[in-house]
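Reading the structure
Each chain, letter by letter, is given below.
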There are 2 protein chains.
Amino acid sequence: MEKKMSVTLASGNITDVYFADSLKDVSLWTASYGENVFWVLDSNSARLLESIPKKSIVLEPGEVHKNIESLEKIISEALSCGSARDTRFIAFGGGVICDMTALASSLYMRGAGLTLIPTTLLCMVDATLGGKTAIDYKGGKNLVGTFYPAGEVIISADTLSTLPIREYKCGLGEVIKHAFLSSDDGLMNFLSENREKILMQDDQVLHDMVYRSLLVKKEFIEADPLETRGIRSFLNLGHTFAHALESMEGYRISHGEAVAWGLGRALEASWRKGLIGSGLKNLGIKLLNDYGYDTGYRISRESIPSFMSALSKDKKKSNGSIKFVLLKGIGEPLLMALDDDSVKEIVLA
Amino acid sequence: MEKKMSVTLASGNITDVYFADSLKDVSLWTASYGENVFWVLDSNSARLLESIPKKSIVLEPGEVHKNIESLEKIISEALSCGSARDTRFIAFGGGVICDMTALASSLYMRGAGLTLIPTTLLCMVDATLGGKTAIDYKGGKNLVGTFYPAGEVIISADTLSTLPIREYKCGLGEVIKHAFLSSDDGLMNFLSENREKILMQDDQVLHDMVYRSLLVKKEFIEADPLETRGIRSFLNLGHTFAHALESMEGYRISHGEAVAWGLGRALEASWRKGLIGSGLKNLGIKLLNDYGYDTGYRISRESIPSFMSALSKDKKKSNGSIKFVLLKGIGEPLLMALDDDSVKEIVLA
């Protein structure tokens, strides 16, 4: 297993990112921790392991279970297993499992050890780095959470082998987002040139893509570890639209699809506000379409009140107005408040 | 209102400590925050205010309510009041209210603003500084929590005026603990010389005592903000015994009384292990007795299994053995593992 990156976060905490050759490689690594561990899995990720670890909890999969009840189950079972402050919580699953395990580990005796082993592409490129932990609460996505960086993240491409293509493509939405935020067009070109291999989940190309994507994320979070300087919030490009759509739809659509849609809407808004030309907008929309995303979806007139209400619950609300991340160009995000009429113009059918 | 101290904590966060002349002074200060606040009180502390703040929740008082249900009530009501990340949570109450509000504020959208206004002496000298937030969970005291320093702490002696003497004396246990941990004997002498004024709650002496006590705490927490270096855990002098007693008694005894008892047991253990002479032990026991604490209480033979079981849940467990803070002298704490027989020798009737 190879350490490829170290990311320094809040309180000087460091997250080491490892790329493993295979799940067997991962197992050898985690075995070295001995008995003082506590695994959190869901019934999907559990199938990837030869056996369920002794000290563990297996949760139901899905965003609807990313709630306070599941959080309490994790903490309660960790306690039953005799976990202490020096116990290492190991999350083995997608974003829901990783976000909840990280939150539980941050709360458990005010902070236990934490290893994240993402089993979805979305989680590899999005949830593992940056220390954001969360559960959903009363319709508010990630409304309850902490900042608590994992000590280590382990990426192993073969965890994705049983992932439905729809889930895989969810992660690609975030990768494309990172391409728009990158300081150069390297990731953008990589995505254009390697489309087939990426969609075929070629192991080497996959690791390369995840690595490049995490490098972009690393840059933003190291500059603003607690999201207090406005820099890190640029990683929310497309997300304000996306979260409102997910909330309105009761999380029946996937996060990645919502983000890809939101990315399209952010490009549209950036163009309408005169920040970018139609060339960059169309290039972005084409890339999203090439990867099979539905950028043409619009909110119906009947649904718009519930969409606007979901928007108003957004965490990025400040002094009453909601700010959106828009683009002046590749790698040039900015924050801009959009009034309700501007939002409707962009999302309405 | 006068700023007397600034304490630098995890992530470079700074807690400013203010001493107010009166509650009226406090009200003027908090009014300056306008509408973007959310107050958390209990039905005891609420009586100190002329009216209940508009955006607020009033909880039932007492340690039995320091649980996940109350935590959820705070978050849920904050959400109903339209709170956002830039909302300031204001805790007005004792340690239970301050600890829970701080935890809720750390979790709310991954961290809202936080002002603590302690209304008990225990909370003034113990819970407000250092960023420890908590709820109890399944018999484990403060088992779930985060590190999240308050932006500001406001001390006003008149908040204590309606406090029963029993509650007031709870805080004195922590002050005496700080006297044992202080690098000089200034606080120890202050406590001996001002016993009457302290017990009469003279405002000026009280502020002076709280200030001196917080200076001791400041020294330990700044040297070890996340309790990872072993220094900060010295503040747990007496607490390992105390927490087990509280847990065994179902939190029917007060934290301060438990701490005073635990302090006596820690002095006894330090003497039995040959770390201190009988002189210092007796001086400590006498000071505790002079302030009216029952240092002679012992665990009955029937209760000892439940006491030992409560001990085994202690957060300071590491590699299976429980470490106790003992003393080599005033201001010279150290960590030492005690085996079960040694513990029983010290606590058994």
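Here is a short report on the structure shown in this document. Since the model is a prediction, treat every value here as computed from it, not as a measurement.

1. Brief notes about the nonpolar core
Ranked by size, the top nonpolar core spans 212 residues in total, and within it Leu191, Met209 and Phe307 of chain A together with Leu191, Met209 and Phe307 of chain B carry the most contacts. Not counting chain neighbours up to four residues away, the residues in contact with Met209 of chain B comprise Leu121, Tyr168, Leu172, Val175, Phe190, Leu191 and Ile198 of chain B.

2. Things to note about the interface of chain B and chain A
Across the contact, 34 residues belong to chain B and 34 residues belong to chain A. Approximately 3,300 Å² of surface area, both sides summed, lies buried where chain B meets chain A, with 58% of it carried by carbon and sulfur atoms. On inspection of chain B and its partner chain A, the count reaches zero salt bridges. Between chain B and chain A we count ten residue pairs in polar contact (both at pLDDT 80 or more) in total. The set of elements that each furnish at least two residues to the side of chain B that touches chain A consists of helix H3 (68–80), helix H4 (95–107), strand E8 (140–144) and strand E10 (317–318) of chain B. The dominant element in the side of chain B that touches chain A, judged by the number of residues it contributes, is H3 of chain B, at five residues. Grouping the amino acids of the side of chain B that touches chain A by side-chain chemistry returns 14 nonpolar, ten polar and ten charged.

3. Remarks on the sheet that holds strand E6 (residues 113–118) of chain A
Pairing between the strands of a sheet comes from backbone hydrogen bonds, and it takes one of two forms, parallel or antiparallel. All names here are of chain A. Spatial strand order, E1-E2-E9-E6-E5-E3-E4: seven strands in an open sheet with mixed pairing. The sheet is open, and its two borders are formed by strand E1 (2–8) and strand E4 (56–59), each paired with just one other strand. Averaged over all adjacent pairs, the angle separating strand axes in this sheet is 15°, with direction ignored. Here five bridges tie strand E2 (residues 14–20) to strand E9 (residues 152–156), and the two strands are oriented parallel to one another.

4. Examining the relation of the copies chain B and chain A
Superposing chain B onto chain A requires a rotation of 180° together with a translation of 0.0 Å along the rotation axis, leaving an RMSD of 0.0 Å. The symmetry that links the two subunits is that of a two-fold axis. The share of interface residues of chain B whose copies in chain A are also at the interface is 100%, consistent with both copies meeting through the same surface.

5. Some details on the pattern of salt bridges
The final tally for this structure, using the stated rule, is 28 salt bridges over all chains. When the shortest N-O distance is used, the salt bridge between Glu174 of chain A and Lys177 of chain A registers 2.8 Å. With Glu174 of chain A and Lys177 of chain A both in helix H6 (residues 165–181), this residue pair falls three residues apart, about one helical turn. Across the pair Lys281 of chain B and Glu268 of chain B runs a salt bridge, and its minimum N-O distance is 3.9 Å. Here Glu268 of chain B lies in helix H11 (residues 255–272) and Lys281 of chain B lies in helix H12 (residues 278–290), a separation of 13 residues in the sequence. Residue Lys281 of chain B shares its accessibility class with Glu268 of chain B, and that shared class is buried. Residues joined in a network through salt bridges with shared partners are Arg265, Glu268, Arg272, Lys281 and Glu345 of chain A.

6. As for the pairing of strand E9 (residues 152–156) of chain B
Of all five residues making up E9 of chain B, five are buried, and the element is well covered by its neighbours. Taking every second residue as pointing to the same face, both faces of E9 of chain B are buried, with Glu152, Ile154 and Ser156 of chain B on one and Val153 and Ile155 of chain B on the other.

7. Some thoughts on the packing of aromatic side chains
Residue and element names in this part refer to chain A. Evaluation of the coordinates by the stated rule reveals 18 aromatic pairs over all chains. With 4.8 Å between their ring centres and 40° between their planes, Phe241 and Phe324 make a pair best called tilted. Here Phe324 lies in strand E11 (residues 321–327) and Phe241 lies in helix H10 (residues 239–248), a separation of 83 residues in the sequence. The buried category is assigned to Phe241, whose relative accessible area is 1%. Three or more aromatic residues link up through ring pairs in this structure, and these residues are Phe241, Trp261, Tyr297, Phe307 and Phe324. Between Lys281 and the ring centre of Trp271, over which it is positioned, the NZ or CZ distance is 3.8 Å.

8. Description of the sheet that holds strand E4 (residues 56–59) of chain B
Residue and element names in this part refer to chain B. Spatially, seven strands are ordered E1-E2-E9-E6-E5-E3-E4 in an open sheet, and the strand pairing comes out mixed. If you trace the sheet from one side to the other, it starts and ends with strand E1 (2–8) and E4, each paired once. Taking the axes of each pair of neighbouring strands and ignoring which way they run, one obtains an average angle of 15° across the sheet. Sheet topology places E1 next to strand E2 (residues 14–20); six bridges connect them, and they run antiparallel. Bridge pairing in E2 places Thr8 opposite Ile14. Across the sheet, H4 is in contact with strand E3 (37–42), E4, strand E5 (88–93) and strand E6 (113–118); its angle to E5 comes to roughly 165°. Of the strands in this sheet, E1, E2 and E9 touch helix H9 (residues 203–223), which is tilted by about 20° from E1.

Rules and cut-offs
Residues numbered from 1 in each chain as written. Chains lettered and ligands numbered in written order. Predicted model: local features only at pLDDT ≥ 70, side-chain atom pairs only at ≥ 80, totals over all residues. Heavy atoms only, no water. Core = buried A, V, L, I, M, F, W, Y, C linked by side-chain atoms within 4.5 Å. Buried < 20%, exposed > 50% of the residue type's maximum accessible area, 1.4 Å probe, protein only. Contact = heavy atoms within 4.5 Å. Buried area = accessible area lost by both parts, 1.4 Å probe. Salt bridge = Lys/Arg side-chain N within 4 Å of Asp/Glu carboxyl O. Polar contact = N/O pair within 3.5 Å; in protein donor to acceptor, adjacent residues only side chain to side chain. Helix = DSSP H or I, 4+ residues; strand = E, 2+ residues; numbered from the N terminus. Nonpolar A, V, L, I, M, F, W, Y, C, P; charged D, E, K, R; others polar. Pairing = 2+ DSSP bridges. Axes fitted to C-alpha atoms, helices over the stretch in contact; angles between N-to-C directions. Least-squares fit on C-alpha atoms with pLDDT ≥ 70 in both. Phe/Tyr/Trp six-rings, centres within 6.5 Å; stacked < 30°, edge-to-face > 60°. Lys NZ or Arg CZ within 6 Å of the ring centre and 35° of its normal.

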